[in-house]
Amino acid sequence: MNPYILATLLFGMGLGTTITFASSHWLLAWMGLEMNTLAIIPLMAQHHHPRAVEATTKYFLTQATAAATLLFASVTNAWLTGQWEIQQITHPLPSTMITLALALKIGLAPLHAWLPEVLQGLDLTTGLVLSTWQKLAPFALILQLQPSSSTLLIILGLTSTLIGGWGGLNQTQLRKILAYSSIAHLGWMILILQFSPSITLLTLLTYFIMTFSTFLAFKLNDSTNINTLATSWAKAPALTALMPLILLSLGGLPPLTGFMPKWLILQELTKQGLAPTATLAALSALLSLYFYLRLSYAMTLTISPNNLTGSTPWRLPSTQLTYPLATSTAMTICLLPLTPAISALLTS
């Protein structure tokens, strides 16, 4: 892609997100979301492959549906209450409609069906942008909306953690597994949103760091399914040794960074008297942990079958920068001891 066009599109995505962040009026927020969607579409379809075009079309249709529902709900709210302010959503009807529209935008279950299909059709770089940056603007609106319907948020959160774990169990494609991982993590964030927005932000931040290192590691190895993971020993032995730690951090195992948000969320849910919800969420995390263990096993404990003894797969040296990957990997593995400091920063 032409670097000037790429710069323009990235600027458009940044501007769309910033407009949504800064807006207090529904029309302006809607406009920011639309700019965001329209800027990423050429990036998604840049490889003129039928799969990429199909994924782009699915993404456009779901985002357009969500944006239309959002606009309709905000107009309904203005009609019922005479208010266009984001924080003045008092009527339950527009509040529920907007929550569901934003859930469709970020891919919360049961409105998640588009996300694995779309992510599977993209390359890993665009997939990373879709899994991280594109979640920011809708999340900013969900944060401003609360306290909306608390039961609805808990149902969305629990359904997402369960489906995010269940859906990834039988997958062999890494991008689909990462999509279900994204759905499960979003479920955890939505679950705690109304009780502690600061923990939601912490979870979002740690999810971004962990997903960033996972996508970059897969990109360095040029892996898109489980079978190609087995060849990574020959390509990057040091990274292959660290990769299980990154994956288990995504799964939320102590003493890795990913344990921090889950620990704080379960603690907060128990404090709020929602012990059954916390138990269900913790059990659903075991489902996710299974497929991360499966990936770890495929990557580090299996060797790719070769016809000749000791032959390595033919490959070109990777041109990818390793500094971002090194930084994010260190953060993915080592941040748990800093939990008190990070919590204090977010709550102050």
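Since we're looking at a predicted model, the values are computed, not measured. (Residues numbered from 1 in each chain as written. Predicted model: local features only at pLDDT ≥ 70, side-chain atom pairs only at ≥ 80, totals over all residues. Heavy atoms only, no water.)

Turning our attention to the domain arrangement of the chain. Entries for the chain in the domain assignment read domain 1 (1-144) and domain 2 (149-306 + 321-347). Between the C-alpha centres of domain 1 and domain 2 there is a distance of 23 Å. Every contact between the two is made by 29 residues of domain 1 and, on the other side, 32 residues of domain 2. In total, domain 1 and domain 2 occlude about 2700 Å² of area from one another, counting both sides; carbon and sulfur atoms represent 80% of this. It is Q120, L124 and F139 in domain 1 that bury the most area against domain 2; as a group they hold 25% of the surface buried on that side. For the pair domain 1 and domain 2, the number of links is 1 salt bridge. Across the pair K176 and E117 runs a salt bridge whose closest N-O atoms are separated by 3.3 Å. (Domains from an automatic or database assignment. Contact = heavy atoms within 4.5 Å. Buried area = accessible area lost by both parts, 1.4 Å probe. Salt bridge = Lys/Arg side-chain N within 4 Å of Asp/Glu carboxyl O.)

Our focus in this paragraph is the nonpolar core. Counting 46 residues, the largest nonpolar core has Y59, V118, L130, F218 and L295 as the members making the most contacts within it. Residues from two domains meet in this core; each of domain 1 (1-144) and domain 2 (149-306 + 321-347) gives at least three. If sequence neighbours within four positions are ignored, Y59 has contacts with T37, I40, I41, M44, W114, V118, L130 and Q134. Counting 31 residues, the second-largest nonpolar core is a separate cluster that includes L102, L156, M189 and I190. (Core = buried A, V, L, I, M, F, W, Y, C linked by side-chain atoms within 4.5 Å. Buried < 20%, exposed > 50% of the residue type's maximum accessible area, 1.4 Å probe, protein only.)

Right, let's get into helix α8 (residues 150-167). The terminal C-alpha atoms of α8 lie 25 Å apart, and with 18 residues this matches the ideal 26 Å at 1.5 Å per residue to within 8%. What α8 keeps buried is the set L152, L153, I154, L156, G157, L158, S160, T161, G164, G165 and G167. Packing partners of the buried residues in α8 comprise α4 (92-106), α9 (174-192) and α15 (275-300). (Helix = DSSP H or I, 4+ residues; strand = E, 2+ residues; numbered from the N terminus. Expected span 1.5 Å × (residues − 1).)

What follows concerns the packing of helix α14 (residues 259-271) against α15. It is at 8 Å that the axes of α14 and α15 come closest, and there the two elements cross at 155°. Relative to α15, the element α14 is oriented roughly antiparallel. The two elements α14 and α15 meet at a crossing, and its hand is left-handed. On the side of α14, the interface is formed by K262, L266, L269 and T270, while α15 contributes A275, A278, A282 and A285. Looking at the contact of α14 with α15 residue by residue, the classes come out as 6 nonpolar, 1 polar and 1 charged. (Axes fitted to C-alpha atoms, helices over the stretch in contact; angles between N-to-C directions. Parallel < 35°, antiparallel > 145°, perpendicular 65-115°, else oblique. Left-handed = near helix turned anticlockwise from the far one by under 90°. Nonpolar A, V, L, I, M, F, W, Y, C, P; charged D, E, K, R; others polar.)

Both the distance between ring centres and the angle between the ring planes are used here to describe each pair of aromatic rings. Counted under the stated rule, the structure contains 4 aromatic pairs. Between Y207 and F208 the ring centres are 5.9 Å apart and the planes differ by 50°, which places this aromatic pair in the tilted class. Of the residues examined, Y207 reaches a relative accessible area of 1% and is grouped as buried. Look at F259 and W263: their rings are 5.7 Å apart centre to centre, the planes differ by 10°, and that puts the pair in the stacked class. A residue pair is termed a helical-turn pair when its members lie 3 or 4 positions apart in one helix, as F259 and W263 do in helix α14 at 4 residues. Overall, F259 belongs to the partly exposed group, its relative accessible area being 25%. Classification of W263 as partly exposed rests on a relative accessible area of 41%. (Phe/Tyr/Trp six-rings, centres within 6.5 Å; stacked < 30°, edge-to-face > 60°.)

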